[in-house]
Amino acid sequence: QVQIVESGGGLVQPGGSLRLSCVASGSIFSIGAMGWYRQAAGKQRELVASISRSSSTTYADAVKGRFTISRDNTKNTMYLQMNSLKPEDTAVYYCNAAITDGVTLSRRDYWGQGTQVTVSS
């Protein structure tokens, strides 16, 4: 069974840094685009950053210059390096990946369970 799991969230002071990780596991034929989303309390889920298999990236304006998305295709892992964190970054961060299942050969988006990031003094 294919699944993806996020980790690395926590409590950090404004101006601090965190690195989130997302690991895909199971019977995987291939992984296409991946992305990080976040959902703050009372708000809709929004795209934070995305990365193609060839490592082309996009960022939401709110995080541009502060966050860096990357991936290691040999490890089926994606990262989000978050620097200069602000209270407005507080949210549950979710990993998303387009994965072709190695057994069924069906392709669909998979979502992680989310990891809480809290930026507060």
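As shown above, the structure is provided for reference.
This section reports on the structure supplied with the text. (Residues numbered from 1 in each chain as written. Predicted model: local features only at pLDDT ≥ 70, side-chain atom pairs only at ≥ 80, totals over all residues. Heavy atoms only, no water.)

Quick look at the nonpolar core
Here is the rule: Definition used in this section: a nonpolar core is a set of buried Ala, Val, Leu, Ile, Met, Phe, Trp, Tyr and Cys residues joined via side-chain atoms within 4.5 Å. Throughout this description, buried means an accessible area under 20% of the type-specific maximum (1.4 Å probe, protein chains only), exposed means over 50%, and partly exposed covers the range between. Per the convention used, a helix needs a DSSP run of H or I reaching at least four residues, while a strand needs a run of E reaching at least two, with both numbered from the N terminus. Residue contacts are counted whenever heavy atoms from the two residues lie within 4.5 Å of one another.
Ranked by internal contacts, the top residues of the largest apolar core, which has 28 residues, are Trp 36, Leu 80, Met 82 and Tyr 93. Broken down by element, the residue count for this core peaks at five residues, all from strand β9 (residues 91-101). The contacts of Tyr 93, once residues within four sequence positions are left out, are Glu 6, Leu 20, Trp 36, Tyr 37, Arg 38, Val 48, Phe 67, Leu 80, Met 82, Gly 114, Thr 115 and Val 117.

Comments concerning the environment of Gly 26
Looking at where Gly 26 falls in the secondary structure, it is placed in the loop between β3 (18-25) and β4 (28-39). Spatially, the C-alpha atoms of Gly 26 and Gln 1 are 5.2 Å apart, while their sequence positions differ by 25 residues. If sequence neighbours within four positions are ignored, Gly 26 has contacts with Gln 1 and Val 2.

A closer look at the packing of aromatic side chains
Our working rule: Paired rings are identified among Phe, Tyr and Trp, the last through its six-membered ring, by centres lying within 6.5 Å, and are further divided according to the angle between planes into stacked (under 30 degrees), edge-to-face (over 60) and tilted (the rest). In our convention, an over-ring charge means Lys NZ or Arg CZ found within 6 Å of a ring centre and within 35 degrees of that ring's normal.
By the definition in use, this model includes one aromatic pair. Geometry around Tyr 94 places Arg 45 over its ring, the cationic atom sitting 3.8 Å from the centre. One cation-aromatic arrangement involves Arg 108 over Tyr 110; the distance from NZ or CZ to the ring centre is 3.7 Å.

Structural notes on the pairing of strand β10 (residues 107-111)
The test is simple: When DSSP locates at least two bridges between a pair of strands, those strands are taken to pair.
Sheet topology places β9 next to β10; five bridges connect them, and they run antiparallel. Among the inter-strand pairings, Ala 98 is bridged to a residue of β10, identified as Asp 109.

Observations regarding unusual backbone geometry
The phi dihedral of Ser 84 is positive, around 50°, even though this residue is not glycine. Along the chain, Ser 84 falls in the loop between β8 (77-82) and β9. Unlike most non-glycine residues, Leu 105 shows phi in positive territory, near 60°. By the secondary structure assignment, Leu 105 is in the loop between β9 and β10.

Focus: the environment of Gln 3
Turning to its location among the elements, Gln 3 is positioned in strand β1 (residues 3-7). Relative accessible area serves as the criterion here: at 41%, Gln 3 is assigned to the partly exposed category. It is 5.7 Å that separates the C-alpha atoms of Gln 3 and Ala 24, two residues lying 21 residues apart in sequence.

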